[in-house]
Structure formats: C-alpha cells, structure tokens
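Structure assessment
These are the residues of each chain, in order.
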Amino acid sequence: EPEVTQTPSHQVTQMGQEVILRCVPISNHLYFYWYRQILGQKVEFLVSFYNNEISEKSEIFDDQFSVERPDGSNFTLKIRSTKLEDSAMYFCASRTSGSWDTQYFGPGTRLTVL
Amino acid sequence: AQSVTQPDIHITVSEGASLELRCNYSYGATPYLFWYVQSPGQGLQLLLKYFSGDTLVQGIKGFEAEFKRSQSSFNLRKPSVHWSDAAEYFCAVGETILTGGGNHLTFGTGTQLKVEL
C-alpha cells in the first residue's frame, strides 16, 4: 500500500539554524499538508498546499516557515531560524482531489532545537 | 472556531473488555469527523470517518463510532479490545474551506490506551 514517507526521522539543530524537513507524499495525491505536535499537546495544522501554492495556513505558520514542492515527488517544510519552541513532531499528510478524501499521514520528523 | 475535546488522557482496559473513547466537538455547521490511531514510531492511521448519512460508522480493526448531534459527540467503541490496540487515539474535525480546498483537520489532545493482559 502506498504511504507517505518523511526524512529524517529525528533532526537535532541549534537555535537559529535553518532546517528543512522532507516529505514524499503518495504519488497521485494533489493536496499536501504539514502539521506539528509539541510534546504533550495536540496535533496542530500548519499549512496546506495545492497546485504549487499555499491554500491555507494557520497563525503558527509565520514568516519563519516556508513550504515548497521542488520536484514532482518531494514536499518540504523549511524553518529559517529555529527557536526552542519549534521543537516538536512534524507530520506531513497528503490526499487526493475529493474534498474530504482521507488525509494520509507520514510517520513524522521529531525536531529538537537546542 | 472549531475545537475537539477528548476528556480522557489515559485509559486502561483489560484485553477482551469493551472500549469507549470519548470525543466532543464544537463546530457551527455539519462536522466532518475522524478518528486516527498512532502507534509508537508510526504515522497517524485513519480508523474511520463520518461525513453524513448513517450516524453509526464502521472502521478498520473492528472499531465503530457513533455521531450524536444532540450531544456534539463522536465516541469511538470496540466490543473486545486486543493487546495490539494499545496506542494513542485522536479525534479530529474537518473544516470546509470554500476556496482552495485546504480542508485542514483540527485534532483533540489524544487518548493513550493501555491494554492489560
């Protein structure tokens, strides 16, 4: 069964550094998402992406964040200058074209900012 | 704004016992409701979803959930729990975006299920 993959599984970085989290969505999916989960808190929506542009973003997704689909398979989340509070599990998700088709989630990348 | 409440942070049940995980939502229109499960080191896997129609929905792994509009609830149930069901369970509500198709999910805080043998 096709699945969403994410790399790396764990990323450790110093505060102020840039990080790029990578996701490979399911190949025929058209909508892509990033969510995050700070330890002990709920999963929170960051951004959705469709047709090579952001379709929706949350208040969390400020100018420090950006997303890109650099080729036909990858979907990346960049944090320009990481802060301690960016430490979280970041989940990528994708779905097909139907409005409420299932969002398929990847296993997540645990980001630790020191 | 929509919100989801899962009042039970941890639940422990014996293997073979029945299970009910509670979920309450707040949303102005007809909600789109989901239950996801997360095993350690794994992504979020969809158990079941409710869009409309029959208020009792069946999912994978023997789970079912009932939508009760009057109680704003979407509780997850399983008649007989297996040790492999130990995981974290998330209830989520979907928000319809009229343009762009974002349709993001709003999650509850999750319920950690422990199964005693």
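Scroll up to find the structure.
Summarised in this report is the structure supplied together with it.

About the cut-offs
Residues numbered from 1 in each chain as written. Chains lettered and ligands numbered in written order. Predicted model: local features only at pLDDT ≥ 70, side-chain atom pairs only at ≥ 80, totals over all residues. Heavy atoms only, no water. Core = buried A, V, L, I, M, F, W, Y, C linked by side-chain atoms within 4.5 Å. Buried < 20%, exposed > 50% of the residue type's maximum accessible area, 1.4 Å probe, protein only. Helix = DSSP H or I, 4+ residues; strand = E, 2+ residues; numbered from the N terminus. Contact = heavy atoms within 4.5 Å. Buried area = accessible area lost by both parts, 1.4 Å probe. Salt bridge = Lys/Arg side-chain N within 4 Å of Asp/Glu carboxyl O. Polar contact = N/O pair within 3.5 Å; in protein donor to acceptor, adjacent residues only side chain to side chain. Nonpolar A, V, L, I, M, F, W, Y, C, P; charged D, E, K, R; others polar. Pairing = 2+ DSSP bridges. Axes fitted to C-alpha atoms, helices over the stretch in contact; angles between N-to-C directions. Phe/Tyr/Trp six-rings, centres within 6.5 Å; stacked < 30°, edge-to-face > 60°. Lys NZ or Arg CZ within 6 Å of the ring centre and 35° of its normal.

What follows is about the nonpolar core. All names here are of chain B. Counting residues in hydrophobic clusters, the biggest one holds 26 residues, and the most contacted among them are Leu19, Trp35, Leu47, Leu48, Phe74, Leu76 and Tyr89. Taken together, the elements giving at least two residues each to this core come down to strand S2 (10-14), strand S3 (19-21), strand S5 (32-38), strand S6 (44-50), strand S8 (64-68), strand S9 (73-78), strand S10 (87-94) and strand S12 (111-116). The biggest single contributor to this core is S10, with four residues. Residues within four places of Tyr89 in sequence aside, it is in contact with Gln6, Leu21, Trp35, Tyr36, Val37, Leu47, Phe63, Leu76, Gly110, Thr111 and Leu113.

Attention shifts here to the interface of chain B and chain A. Across the contact, 26 residues belong to chain B and 21 residues belong to chain A. In total, about 1900 Å² of surface goes out of reach between chain B and chain A, with carbon and sulfur atoms giving 57% of it. A per-residue breakdown of the area chain B buries against chain A is headed by Leu44, Asn103 and Phe107 of chain B, which together make up 26% of the total. Taken together, chain B and chain A are joined by zero salt bridges. The tally of links between chain B and chain A comes to four residue pairs in polar contact (both at pLDDT 80 or more). Contributions of two or more residues to the side of chain B that touches chain A are made by S5, S6, S10 and strand S11 (105-107) of chain B. Per element, the largest residue contribution to the side of chain B that touches chain A is four residues, and it comes from S5 of chain B. When grouped by side-chain class, the residues that make up the side of chain B that touches chain A number 11 nonpolar, 13 polar and two charged.

Strand pairing in a sheet is mediated by backbone hydrogen bonds. Such pairs are either parallel or antiparallel. All names here are of chain A. The sheet built from four strands is open, its strands ordered S1-S3-S8-S7 with antiparallel pairing. Looking at which strands have only one partner, the edges of the open sheet turn out to be strand S1 (5-7) and strand S7 (65-68). Shown here is a sheet whose adjacent strand axes are inclined to one another by a mean of 20 degrees, direction ignored.

So, about the packing of aromatic side chains. Applying the stated criterion across every chain yields a total of 20 aromatic pairs over all chains. Ring centres of Tyr50 of chain B and Phe67 of chain B lie 4.5 Å apart, and the angle between their planes is 25 degrees; on these two criteria the pair is classed as stacked. Highlighted residues: Tyr50 of chain B in strand S6 and Phe67 of chain B in strand S8, separated in sequence by 17 residues. Per residue, the accessibility class of Tyr50 of chain B equals that of Phe67 of chain B, and both read buried. Seen from their ring centres, Phe90 of chain B and Phe107 of chain B are 6.2 Å apart, and the 90 degrees between their planes marks the pair as edge-to-face. Of the two residues, Phe90 of chain B sits in strand S10 while Phe107 of chain B sits in strand S11, which places them 17 residues apart along the sequence. Comparing Phe90 of chain B with Phe107 of chain B shows no difference in burial state: the two are buried. Within the aromatic cluster, the residues linked to one another by ring pairs are Tyr33, Tyr35, Phe45 and Phe105 of chain A together with Tyr32, Phe34, Tyr36, Phe51, Phe90 and Phe107 of chain B. Sitting over the face of the ring of Tyr31 of chain A, Arg95 of chain A holds its NZ or CZ atom 3.9 Å from the ring centroid.

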